[in-house]
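Given next are the chains, with one letter for each unit.
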Amino acid sequence: MLRPEDYSEALARADHHARRWLGSVPSRDVGPRASADEAAEAFGGALPETGLDAAETVDLLAGLAEPGLMAMGSGRFYGWVIGGTLPAGLAADWLVSAWDQNAGLRFATPAAAAAEEAAGRWIIDLLGLPAGADVGFATGASMANFSGLAAARWRVLERAGWDVNQRGLSGAPRVRVLVGAERHDTVDMALRLLGLGAPEAVAADSQGRMRPEALGRALEAGTGPAIVVLQAGNIHSGAFDPFAEAITAAREHGAWVHVDGAFGLWAAAAGATRPLVRGMDAADSWGTDAHKNLNVPYDCGIVVCRDVPALRTALGMHADYLVHDPHGDHGPGDPLEKVPELSRRARGMPVWAVLRSLGRSGVESLIEGLVDHAQQLARRIGQLPDAEVLNDVVFSQVCLAFGSDARTEAVAAFLAEDGRAWMSGSRWRGRSVLRISVANWSSGPEDVEASVGAVRDALAATEGL
């Protein structure tokens, strides 16, 4: 029998540790204090013969984990493209775990489905995407892109007279997939999972934007079913492909257009950045990630697809024991028809909570604040001796170099050891770079000051390299 009191002390201890952690984030060093090997030693050993009280287990978990935690919620964390968590999103995520709904079917979990449907409509409205498009909530941008590309694969082969669901890919017409030379590697991964193989790379300009004239030539050089993948937000420069021109070229050759907008799709939600995505709404499918610029807890990718039957046919499943949406293909559809999972948490509820807590103006302020923070960092760090800003800072990404590759790499190593700010190293256009990605809602002027100071000290420590 479930007894509510069985949860009380464990939840109280979890609440205590969560508050303690959140209270430490603004002032603590960003990097973890323990390595993965050290953490593995602490967590490892043989499984004990006897169990441990739930509250004691929570205390033990928190104590073992804390040295190996990265303060990714810090306003001074600029690694990869990782947002923080807004208060409404975190609290909603706790409730999602407590409610423990398997959010695959509208019949079984009506509240979860309704929240996701509402959040989906708000997202379509905010991003200026086609009304009536399907919205699915996947694990992250990788699976959001996979879902959109699965719909694309099904539709372009269906147009060619091939039912991939019934016949598989063996013997099917070859599907050409054209991507920008600087697309994100997760696109290639999704194509591998879909059995489509390596894509054809189309030339990009100095900021990583696909050249539409090169796309037109590449499409002209081949025949058969085609998919074009465009990018909203280059991982290094933050640049956006020229959507209107590229989509026009794709349409002339009957290609499906998918947009990988893991973080950049949110540019459509703010007036200052909306020109970056001009023409993007003419695509067929889009993938993004709410844990990035929207600052929803992890495990929340979003796929939007104009072609509702294609998405549901490519990903949906039917079984006698499942009670499906009685509206069928003409209704809102079951959540399981829009992403590759049957069993999953109600991940759209934190999205609903964040959007409802921010409102339209709050989302716009959030996005514009991230861009302003990135531009401040670029301007301030770019004024330091030997610093070079390598990209046009049009969105939330900044790429820096400090003379030689050796010195740039040494600056990145200094920052990782110093702990005041986390900026990840990378390689871009043949050079070692220090990459800044501003994705956290809490980043403010004091974080700029501390981060610039850390880079200044790194330059002093690496002078002469």
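Up top is the structure these notes are about.
1. Observations concerning the overall build of the chain
Looking only at helices and strands, the chain features 14 helices and 11 strands. The globule rule puts the C-alpha radius of gyration for 465 residues at 23 Å, and the 23 Å found for the chain is close to it. C-alpha extents for the chain along the principal axes are approximately 65 × 60 × 45 Å. Out of the 465 residues belonging to the chain, those deemed buried represent 52%.

2. Things to note about unusual backbone geometry
Even without a glycine there, the phi angle at Asp-299 is positive, about 80°. Within the secondary structure, Asp-299 is located in the loop between strand S6 (285-289) and strand S7 (301-305). Note on Asp-299: relative accessible area 22%, which makes it partly exposed. The residue Arg-429 is not glycine, and still its phi comes out positive at about 50°.

3. Topic: helix H13 (residues 405-418)
The end-to-end C-alpha distance of H13 is 20 Å, a good match for the 20 Å that 14 residues give at a rise of 1.5 Å each. For H13, every residue scored as buried is listed here: Arg-407, Thr-408, Val-411, Ala-412 and Leu-415. For H13, the arc enclosing every buried residue in end-on projection is 145°, short of the 170-degree limit, so these residues lie on one face. Of the surrounding elements, those touching the buried residues of H13 are strand S9 (397-401), strand S10 (424-428), strand S11 (431-437) and helix H14 (445-461). A positive phi of about 95° marks Gly-419, the residue just after H13.

4. As for the sheet that holds strand S3 (residues 200-202)
Spatially, S1-S7-S6-S5-S4-S2-S3 is the arrangement adopted by the 7 strands of the open sheet, whose pairing is mixed. In this open sheet, the two edge strands, each paired with only one partner strand, are strand S1 (134-138) and S3. Averaged over all pairs of adjacent strands, the angle between their axes in this sheet comes to 20°, without regard to strand direction. Here 5 bridges tie strand S4 (residues 226-231) to strand S5 (residues 256-260), and the two strands are oriented parallel to one another. From the neighbouring strand, Val-228 faces S5, where its bridge partner is Val-257. Of the strands in this sheet, strand S2 (176-180), S3 and S4 are in contact with helix H9 (residues 212-220), which crosses S2 at around 165°.

Rules used in this analysis
Residues numbered from 1 in each chain as written. Predicted model: local features only at pLDDT ≥ 70, side-chain atom pairs only at ≥ 80, totals over all residues. Heavy atoms only, no water. Helix = DSSP H or I, 4+ residues; strand = E, 2+ residues; numbered from the N terminus. Rg over C-alpha atoms; globule rule 2.2 N^0.38 Å. Buried < 20%, exposed > 50% of the residue type's maximum accessible area, 1.4 Å probe, protein only. Expected span 1.5 Å × (residues − 1). Arc of directions from axis to C-beta. Contact = heavy atoms within 4.5 Å. Pairing = 2+ DSSP bridges. Axes fitted to C-alpha atoms, helices over the stretch in contact; angles between N-to-C directions.

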